[in-house]
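Structure at a glance
Residue strings, one per chain:
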Amino acid sequence: MRIAVVGAGNIGRTLGERWSAAGHEVVYGVRRPGEPGTATVEDAVADAEVVVLAVPGAAAKEVVASLGRELEGKVIVDATNDVQGSGKLHALDELADGAQPVRAFNTLGWENFADPAFGDVTADLLYAAEEGVAKDTAETLIRDVGLEPVWVGGIDAFDVVDSVTRLWFTLALQRGLGRRLAFKVLREPGR
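Let me sum up the structure you'll find in this document. (Residues numbered from 1 in each chain as written. Predicted model: local features only at pLDDT ≥ 70, side-chain atom pairs only at ≥ 80, totals over all residues. Heavy atoms only, no water.)

Let's talk about the overall build of the protein chain
Quick reminder of the rule: Elements are defined by DSSP. Helices are runs of H or I of four residues or more, strands are runs of E of two residues or more, and each kind is numbered from the N terminus. Every radius of gyration here is taken over C-alpha atoms, with the globule rule written as 2.2 Å times N^0.38, N being the number of residues. Burial classes: relative accessible area under 20% of the type maximum marks a residue as buried, over 50% as exposed, and values in between as partly exposed (1.4 Å probe, protein chains only). A contact between two residues is defined here by any heavy atoms of the two lying within 4.5 Å. With residues, only the protein chains shown are counted as cover, and all accessible areas are computed by Shrake-Rupley using a 1.4 Å probe.
Secondary structure summary: the protein chain contains six helices and ten strands in total. Expected size for 191 residues packed as a compact globule is a radius of gyration near 16 Å; at 16 Å, the protein chain falls within 12% of this value. Taken along its principal axes, the extent of the C-alpha atoms in the protein chain is 45 × 35 × 35 Å. A burial count over the protein chain gives 47% of its 191 residues as buried. A fraction of 67% describes how many contacts in the protein chain between residues 6 or more apart in sequence connect residues 24 or more apart. Roughly 9300 Å² of accessible area belongs to the protein chain as shown, and the carbon and sulfur atoms make up 48% of that amount.

Some details on unusual backbone geometry
Phi at phenylalanine 105 is positive, roughly 65°, even though this residue is not glycine. Along the chain, phenylalanine 105 falls in the loop between strand 6 (100-103) and helix 4 (110-114). Given a relative accessible area of 1%, phenylalanine 105 falls into the buried group.

Notes on the pattern of salt bridges
The condition that has to hold: Criterion for a salt bridge: a side-chain nitrogen of Lys or Arg within 4 Å of a carboxyl oxygen of Asp or Glu.
For the structure shown, the criterion picks out eleven salt bridges. The shortest N-O distance in the salt bridge between aspartate 124 and lysine 184 comes to 3.1 Å. Linking aspartate 124 in strand 9 (residues 124-129) with lysine 184 in the segment after helix 6 (158-174), this pair joins segments that are 60 residues apart in sequence. Judged by relative accessible area, which is 0%, aspartate 124 ranks as buried.

Things to note about the pairing of strand 5 (residues 75-78)
Where we set the bar: In this scheme, strands are said to pair when DSSP sees at least two bridges between them. Crossovers are marked right-handed if the path from the first strand over the helix to the second runs clockwise, as seen with the strands pointing away from the viewer.
Of the two faces of strand 5, the one lined by Val75 and Val77 and the one lined by Ile76 and Asp78 are each fully buried. For strand 4 (residues 50-53) and strand 5, the ladder comprises four bridges, and the chain directions are parallel. Within strand 5, the position partnered with leucine 53 by the bridge is aspartate 78. For the handedness criterion, the β-α-β arrangement of strand 4, helix 3 (residues 57-67) and strand 5 is classed as right-handed. Note that strand 5 and strand 6 share four bridges and pair parallel.

Thoughts on a negative patch on the surface
Rules: A patch consists of residues whose relative accessible area exceeds 30% and which take part in no salt bridge; residues with like charges are grouped when within 9 Å of each other, and nonpolar side chains (Val, Leu, Ile, Met, Phe, Trp, Tyr) when within 5 Å. In this tally Asp and Glu are treated as negative and Lys and Arg as positive; neither His nor the chain ends contributes. Charged groups are reduced to one reference atom each: NZ for lysine, CZ for arginine, CG for aspartic acid, CD for glutamic acid.
Taken together, the side chains of Glu25, Glu42, Asp43, Asp47 and Glu70 present a region of like negative charge at the surface. The residue glutamate 42 is located in helix 2 (residues 41-46) in this model. The class of glutamate 42 is partly exposed, set by a relative accessible area of 45%.

Thoughts on helix 1 (residues 10-21)
Basically, it comes down to this: Expected span of a helix, by definition, is 1.5 Å for each gap between consecutive residues, and there is one gap fewer than residues.
Helix length check: helix 1 (twelve residues) gives 17 Å between terminal C-alpha atoms against 16 Å at 1.5 Å per residue, within 8%. Within helix 1 the residues assigned to the buried category are Gly12, Thr14, Leu15, Gly16 and Trp19. Once helix 1 finishes, glycine 23 follows within two positions and takes phi at roughly 100°, a positive value.

So, the packing of helix 1 against helix 5 (residues 133-145)
Heads up, the condition is: For helices, the axis comes from a line fit to the C-alpha atoms of the stretch in contact; other axes are also lines fit to C-alpha atoms, and the angle between any two N-to-C directions lies between 0 and 180 degrees. Should an angle fall under 35 degrees it is called roughly parallel, over 145 degrees roughly antiparallel, and 65 to 115 degrees roughly perpendicular, with every other angle called oblique. Nonpolar residues are Ala, Val, Leu, Ile, Met, Phe, Trp, Tyr, Cys and Pro. Charged residues are Asp, Glu, Lys and Arg, and all others, Gly as well, are polar.
It is at 8 Å that the axes of helix 1 and helix 5 come closest, and there the two elements cross at 90°. The angle between helix 1 and helix 5 falls in the class roughly perpendicular. Contacts between helix 1 and helix 5 pair Leu15, Arg18 and Trp19 from the former with Leu141, Asp144 and Val145 from the latter. The class makeup of the residues in the contact of helix 1 with helix 5 is four nonpolar, no polar and two charged.

Below, the structure is given as structure tokens:
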């Protein structure tokens, strides 16, 4: 897959490195390109099949608005969390028609993307996307990072996924359990 990761901080770099190692073509969209593998945001997005938003949450809506129709027909993964705002954590409501939104990679700290195993247990990643291309793409990207995907539902489940994010922040930061905290959904075999 051709993936544009918009942002090259801890989350963006960690995800991009994992996907590159899995054989995907990754370019980082940044404001000031210069390092190998970087381009302007617009150039990175132009040829991408998948666009991953990995910028500070407060900037995500502006990035989505600036790209507008360039996102049409692409799978858009929002890994941001706008904890400064007073409403939703994600920027997916800002997408133009024709984009295929995915809410994923926002419920765990970046450290868990770098190392998704806890002993013999692989962490789960809860996500939301509509069935079809968006869901299939999300599952591939989640597995290629080394996590197990757990589908919560379609667009109507974005806020449910965000509630998991709030739980992670509460446990990891407010309750002091640390950032190497992840979730595992246990279920009966065959389900």
